[in-house]
Amino acid sequence: MSPRHRAFAGTALIAIALAVLPLVVGNTLGNTWVRVLDYALLYIILALGLNIVVGFAGLLDLGYIAFYAVGAYLYALLASPHFGLHWPAWAILPLGALVAGFFGVLLGAPTLRLRGDYLAIVTLGFGEIIRIFLNNLNQPVNITNGPKGIARIDAIGVAGHPLAKPLEAFGVTFPGVTLYYYLFVLLAIAIVFVGIRLQDSRIGRAWVAIREDEIAAKACGINTRNVKLLAFAMGASFGGVAGGLFAGFQEFVSPESFGLLESIMVLCMVVLGGMGHIPGVILGGLLLTLLPEAFRYGAGPLQQAAFGRVLLDPESLRMLLFGIALILVMLYRPAGLWPEARHRREFAEKK
Amino acid sequence: MGDCQPIIPAVDIFLQQIFNGLTLGSIYALVALGYTMVYGIMGLINFAHGEVVMIGALTALATAKALLAAGVPPPLVLLLALLVATLVCMALGAAIERVAYRPLRNAPRLAPLITAIGVSIVLQQVAMLVWGRNYHSVPQLLPAGSYEILGAQITEVQLIIMAVAASTMLGLMQLVNRTRLGRAMRATSESPAIAALMGVDANRIIMLTFVIGSGLGALAGVMVSANYGIAHYHMGFLLGLKAFTAAVLGGIGNLAGAMVGGLLLGIIEALGAGYIGDLTGGVLGSNYQDVFAFFVLIVVLIFRPSGLMGEKVAERA
Amino acid sequence: MARALLDVLNLEVRYGGIMAVKGISFAVEEGEMVCLIGANGAGKTSTLKALARMLPSRGEIRYGAERIDALPAHALIGRGLALVPEGRGVFARLSVAENLAMGAYHRRDHDEVAADIEYVHALLPRLKERARQLAGTLSGGEQQMLAIGRALMGRPRLLLLDEPSMGLAPLMVEKVFEVIRTVAAQGVTILLVEQNARLALEVCSRGYVMESGRVILADSAANLAADPRVRHAYLGE
Amino acid sequence: MNSLLDARGIGKRFGGVQALKDVSLTIRAGEIYGLIGPNGAGKTTFFNVLTGLYAKDEGEVVFAGVPLKLGSPHEVARAGIARTFQNIRLFANMTALENVMVGRHLRTKVGVGGAVMRFSKAREEEAAIRRRAHELLRYVGVEHHAQKLAKNLAYGDQRRLEIARALATEPKLLALDEPAAGMNATETAELRTLIEGIRADGVTVLLIEHDVKLVMGLCDRVAVLDYGIKIAEDVPDVVKRDPQVVDAYLGAGHG
Amino acid sequence: MMGCGKEAPPPPTPAAAPPPPPPLVIKLGHAAPLTGPQAHIGKDNENGARLAVEDANAAKIKFGGRDVKFELMGEDDQADPKQGNLVAQKFVDAKVNAVIGHLNSGTTIPASKVYSDAGIPQVSPSATNPAYTAQGFKTAFRVMANDVQQGKVLGEYAVNNLKAKTVAIIDDKTAYGEGLASEFKKAATAAGVKVVAEEHTDDKAVDFAAILTKVKGKKPDLVFYGGMDPQAAPMAMQMKKLGIKARLLMGDGGCTSEFIKNAADAAEGHYCSLPGIPYEKMPGGPKFIERFKAKYGDIQLYAPYAYDAVMVVVDAVKRAQSADSARILAELPKTDYKGVTTTITFDDKGDIKDGAISLYVAKGGKWEAMDTIGGPPPGPAPAEPLAGMSGMSGMGGMSGMTGPKGMGGMSGMGSMQGMSGMAPAAPAKPAAAAVPAVPAKK
Ligand SMILES: Nc1ncnc2c1ncn2[C@@H]1O[C@H](COP(=O)(O)OP(=O)(O)OP(=O)(O)O)[C@@H](O)[C@H]1O
Ligand SMILES: Nc1ncnc2c1ncn2[C@@H]1O[C@H](COP(=O)(O)OP(=O)(O)OP(=O)(O)O)[C@@H](O)[C@H]1O
Ligand SMILES: [Mg+2]
Ligand SMILES: [Mg+2]
């Protein structure tokens, strides 16, 4: 087989695997795991967005979830009984990307001079400000419905079929979670594609240059302000899309989904997977979503098997194991589970 | 019409808000000192510091309860509880440093941040297993009296907290800026390898810094729980976050900055909660207290990118 | 025969898969002034770092009566071994005075430390002028002086110098070498790595030439300076 | 002769230190202009002000006939001034090749859309960037290290790489801050050939250097700074004999 | 010390000679936050549910000769809507027959969609946001008065009984706290009270000095707090420190033994409300408390409601004589069950009908019941007492009804009805709970 054929065969195989995965998982492990996969995909999209900001451009952003929130609330407000608007998802999602991108610039612009941990704390503050506004904008005019959140959001529809409803096709019933899975996979692939293309371009190089040495980058003629703002905007718009998907999938949004811990979790995915390395980030997103669920299933029964009784609360044990896993991974793979190997890529290309 | 409130605040209420802010601020400062200490040496946000504070509070509480039950007189109980908590936290700090941070000394910058988050989760869960999910009430060990100044109340506990925060800061500044150990700490913070050439055992210095920072955490924990009369395994997170914000506001790595940042944040929060409503004609209320605080933080950092007291970066192009 | 103060046997230094120093051996006698020259990337810095235990290495390093290859870096200055690292390595956020104080970190003889500060100030008056300035804001040359001054504060018996003339103005190079000579005259043993081979061979009594991680020549300074290979490769003739 | 760069009355102070005081100098197109002076004289500071990394206190610079927007490094680079740094500042974790490719950023323009869609124009531009980067690496003599991470190069090679990166921005004026530091005589001679070649290709060179032999042999004119003040400016032979310069900088050995 | 909540299942009774058919297992899902700041309340709910399942199993229910065995599947939803939906999906996959939960409205509402789609009945013990039952799902029930019901009672009580003319309102900006506070405000202003300050905090705060100082400046007669005890207790302490004389009035979130324990002497004199009738007055109440304490320690908050929620499902299962979700669902609306909190019947939305609400005052280190407003009277003990509760039947009805000693309470119409043993006629509107000048005596 020629390399071209091989690449094609590889792609086809991955495509088939991705297509069959939810059916297999749904029928063996149950739809819970398909739903877990759905969330994993949303987190992967988020992590890929944050990766642009943190991984490529080296800007530590602890308020990233704010963009997710912006996307989610935009969807919620435009497609729910709250304002009686029922826009189609396909109009809202791109708008969400745009609005979130705008918020990205809004955050980026005043913080350009800040470095490292100062930037981290300002972005954290920004994230909290957004959340607090969402939580409070039910007075004096009710915009966000405050802490009660917005319920009965329209499901995302494809070709007139709301994905929340099971679909009969090819003699198989696809439950809602599976349908969403397909949508999310497609979007995640698109975003991976954008990420890879950007990384391997003039712009991607400029981001890395800024990360490596901002002063030298400036002296090389890079307009660091614009390039940084671009990173913020791109990352934010990915977050905005993910937020819209989340709102449509969950059919409910409330401010508590957009707390600081979520930002930290997404950051963990990026770093633990391998900052700046797209496959690594995907792995990170996948692991950090699946792991706690696996612990949820494992923590009780495993103890039962090992000690004959449940010694520790499964819930505490689950979080405990999660914390320990974070520590261990970092100790043994400080650059992440699947770090960037820049020179390897370059070598491969030369041959 | 009848709702019309005087815009000029009543003196007693205003003064009370200042006291509130100073107390809260001193607490932030006390915790922030621990952050800044470690950050100053290692350039590491020790995300687990808030949890160390929590462990300090709960350990002191457990000790105090046991001692009170054994009939030990309260002043002695306080001292012993503080002592035990400090020792436990110091040991904890040493362990955290050894296990979670030392192996990552030369790792990418964000790696220790993630282990710090991991440690923080682990400490919380362990505390939950040991002390349960419930809130604990804290026996009154510090003096309970209070004074009235121009109609505003201030308790002895509050005065003690302010005094402890201020003297801790002064003590630390003395240590870091004036002593041989402090110089070694600062040298290590820049380059452990070069400091080693001067005979500095970087491992020892870093460990020591951690131990001091964590001991401070215990002190902070005791003060916090004494002030609020309540302790819980989850108390460290938010406190840590606020304190860290304060440290950044003041200029992280700078001890005086931690104090200034803490006090400022405390006063901003108190005045924010107290007066935003009146100032905005009721459109915004105390629910925007944190927005206000973060807004101030952002504005300060825009004009002073390394915090209020932060040193200019001594880097040359 | 007097035992060498520094005796290196089969020293190897690796960076990952790359071997930067490939099993070199050399010795420096007490009171001697020896130089190590070689092209960029020859492994000179790696060698000095290994001697100062800033890098892990294989092979034997004897210092005085002791093997030091298993010691941690911070244990050496107390034994009188000091390194002025390549690129100076001053503590940027410490003042000039504090940097000097760090040089005497391991010493407890406070009175003599104070006297040594006077001595260093006399030797390098610019440091006195700038005593309170943060070292990070000094010019390149000023930093080099500070690095040397700081090493002197440790009262070394063996001083390892990595390219002390780098970035110095001519007058200053003379000055620094004068200082080095003065120090050497007071009995401090010196191992000097220097790109300015001409100058190095002038002040030193013996020299080693390194290339690609190996010692390829070892001789008296005069012979080396006359060696055509050296003249061609390092003296630009 | 037409002047390429005209700096007038540049002043810069750091707290109590007046690093530059009323420094004026003119560099002619096509020459190699040396800037020397004792340590701490303000040479690097002059570079930093010129390339926009430090905000100036006083003065102005006219470059190629237009006033230079000081304080904005990327615009200075766009106007055609490129530099190297005294303490090498490469993108340590990028390969040598990528370092130079970053240097092309300024003269290329594919945006997000082009990068993602890889239109033929974008592909061509990318290929051209790569080609030019290889050329430049070859030009300075480190092409065999193209795929090594910059931080793993030997010191001398890092210096050359920095020059290649600077050249990638297509400068009219190349400002080199102590390029020969850490090089032995033979390597310095090679460097000299390189700089001469750069000049021959039409790039004006501004050189800070402490290697007097190199400066005096290479430069058409030399200016001397001392304590932030320009104390001399002339052809090397005159400067060399200027008693003030000998006193402050050269020392008796070089007279 | 390990905080281990799980008990080994009760050992199977030694089998008689003929091998019995395998028991019919009925799976109940229980979801609440078991980690995070609300973990203590979540675990409390789960414990309440566990106790109920044990009791139900001890009652040895049989359908057609087959033993029925209830199993509880407890999950942690972390009070996070996303986790809540995951847990819901897990229950659906596990084919649970009914769900008890979730604790918070923020998780209950999105999850209710999942249960509704799967046709699984859901009984929340503690979600009080009206929106939960307003979505039109046939599967959604709750055994607790919602914010509107409770807020209304509290608002009117503040005016009519506590004689407040001015109030300050504080809430924690959670769905629960703010929901309750806004309903309180509506009712109180309608009844003629002036709101002099409206302040907000959050559900993680411990420092309320600033807002309390502001409140102090406005000199209200009463301070209403919509939120939970972790904030309420320090709030009470700080009120005392600041010398605020006004009393706190709180909803169920502050109505806990933890509040009293943590606020200690600063708790004295504050008020709170709990949906339902004081436990000690319910037939199964005192015994429940005793047994719960013995097993899990103090009740945190909603354990009795979780217990009742399970029992309501068990009751429906018995009537349906089936484990089938659809059959259970058909029976649930017909519920008329005397629980430990109150007598439970549902309206057509799934809300508890005429939920009684009781008011308490902190006195001498414990909550003392004052009044009960609205709600059906606690009738006699169930005709068919569950085995686990059989011991209680003797103390049913009236014995629990003696007014709290030394209290001037028992003045609400609802309780008067109860005392006179009247049939659950049209419940008195709380507004009609006019305050008799003289405490009613039996
Ligand atoms: N950290 C490192 N990682 C990988 N390789 C390294 C590292 N440091 C040095 N090297 C390589 O080791 C070899 C020797 O380097 P070293 O710095 O010891 O040379 P040197 O003789 O001091 O050169 P120079 O005169 O340029 O300072 C070089 O090939 C260099 O590329
Ligand atoms: N960022 C800064 N903050 C404070 N002082 C500075 C700063 N940068 C430079 N200086 C001071 O300005 C003076 C000039 O420094 P500069 O680096 O320009 O000297 P130089 O001529 O390049 O010297 P060298 O030949 O040693 O590199 C020095 O005294 C230096 O200490
Ligand atoms: Mg070297
Ligand atoms: Mg310079």
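Thresholds applied
- Residues numbered from 1 in each chain as written.
- Chains lettered and ligands numbered in written order.
- Predicted model: local features only at pLDDT ≥ 70, side-chain atom pairs only at ≥ 80, totals over all residues.
- Heavy atoms only, no water.
- Pairing = 2+ DSSP bridges.
- Helix = DSSP H or I, 4+ residues; strand = E, 2+ residues; numbered from the N terminus.
- Right-handed = clockwise from strand over helix to strand, strands pointing away.
- Contact = heavy atoms within 4.5 Å.
- pLDDT = per-residue confidence, 0-100.
- Disulfide = S-S within 2.5 Å.
- Donors = N, O, S within 2.8 Å, 3.2 Å for Na, K, Ca; no water.
- Buried < 20%, exposed > 50% of the residue type's maximum accessible area, 1.4 Å probe, protein only.
- Near = heavy atom within 4 Å.
- Polar contact = N/O pair within 3.5 Å; in protein donor to acceptor, adjacent residues only side chain to side chain.
- Areas by Shrake-Rupley, 256 points an atom, 1.4 Å probe, with all protein chains shown as cover.
- Nonpolar A, V, L, I, M, F, W, Y, C, P; charged D, E, K, R; others polar.
- UniProt positions renumbered as here; feature names shortened; annotations may be inferred.

Notes on the pairing of strand β4 (residues 98-101) of chain E
Residue and element names in this part refer to chain E.
- When strand β1 (residues 24-32) meets β4, the two strands line up parallel, connected through four bridges. Counterpart to A31 in the pairing with β4 is G101.
- Note: β4 against strand β5 (residues 122-124), two bridges, orientation parallel. Bridging across to β5, I100 finds its partner in V123.
- Regarding the hand of the β-α-β motif, the stretch spanning β4, helix α3 (residues 105-118) and β5 is right-handed.

Re the arrangement of the chains
- Ranking by contact count across seven pairs of chains in contact places chains A and B at the top.
- Without any contact between them, chain C and chain E keep their closest C-alpha atoms 38 Å apart.
- In this view chain D stays clear of chain E, with the nearest C-alpha atoms of the two still 33 Å from each other.

Thoughts on the confidence of the model for chain B
Residues and elements named next belong to chain B.
- For chain B, mean pLDDT is 88; residues scoring 70 or higher make up 95% of the total.
- Confidence scores differ between elements of chain B, with strand β2 (residues 146-149) showing the lowest mean pLDDT of 84 and helix α2 (residues 49-69) the highest of 94.
- Confidence drops under pLDDT 50 across residues 1-7; counting only partners more than four residues distant or on other chains, this segment forms four contacts.

Remarks on the state of the cysteines
- By the definition in use, this model includes one disulfide over all chains.
- For C:C204, which is in no disulfide, the shortest distance to another cysteine sulfur is to C:C35 and amounts to 4.1 Å.

Here we look at the side chain of B:R186
- Of note, B:R186 is situated in helix α6 (residues 180-190).
- Ignoring anything within four residues of it in the chain, the contact list for B:R186 reads B:I41, B:V176, B:N177, C:L94 and C:E98.

Some points on the coordination of the magnesium ion (ligand 3)
All names here are of chain C.
- Looking at the magnesium ion (ligand 3), the protein donor atoms are T45 (OG1) and E86 (OE), and they sit 1.8 to 2.2 Å from it. Pair noted here: T45 is in helix α1 (residues 44-51) and E86 is in the loop between β6 (81-84) and α2 (96-103), with a separation of 41 residues, a long-range link.
- Using a relative accessible area of 15% as the deciding quantity, one classes T45 as buried.

Examining the environment of E:A188
Residue and element names in this part refer to chain E.
- Take A188: it is sitting in helix α5 (residues 175-190).
- Sequence separation between A188 and K95 is 93 residues; the distance between their C-alpha atoms is 45 Å.
- Residues within four places of A188 in sequence aside, it is in contact with G155, V159 and V193.

Focus: the site of ligand 1
- Close to ligand 1 lie 17 residues; C:G41, C:T45, C:S46, C:E86 and C:Q195 are nearest.
- Looking at what sits near ligand 1, you find residues from chains C and D.
- Contacts to ligand 1 include C:N40, whose side-chain N or O atom sits 2.9 Å from an oxygen atom.
- One of the backbone N or O atoms of C:K44 is found 2.8 Å from an oxygen atom in ligand 1.
- Burial of ligand 1 by the protein amounts to 79% of the accessible area it has alone, namely 640 Å².
- Looking at the shell around ligand 1, the element that brings in the most residues is α1(C), giving three residues.
- In terms of residue class, the shell around ligand 1 is made up of seven nonpolar, seven polar and three charged.

Considering the coordination of the magnesium ion (ligand 4)
Residues and elements named next belong to chain D.
- Protein-derived coordination of the magnesium ion (ligand 4) comes from T44 (OG1) and Q86 (OE1), at a distance range of 1.9 to 2.0 Å. You can see T44 sitting in helix α1 (residues 43-50) and its partner Q86 sitting in the loop between β6 (81-83) and α3 (96-103), a full 42 residues away along the chain. Like Q86, T44 is buried.

Brief notes about the UniProt feature "transmembrane region" (unreviewed entry) in chain B
Residue and element names in this part refer to chain B.
- Here, the residues flagged by UniProt with the feature "transmembrane region" (unreviewed entry) are residues 52-70, 76-101, 113-132, 157-176, 205-224, 230-249, 256-276 and 288-306.
- The distance from the first to the last C-alpha atom of residues 230-249 is 27 Å, and the span holds 75% helix and 10% strand.
- Helix makes up 100% of residues 256-276 and strand 0%, and the two end C-alpha atoms of the span are 28 Å apart.

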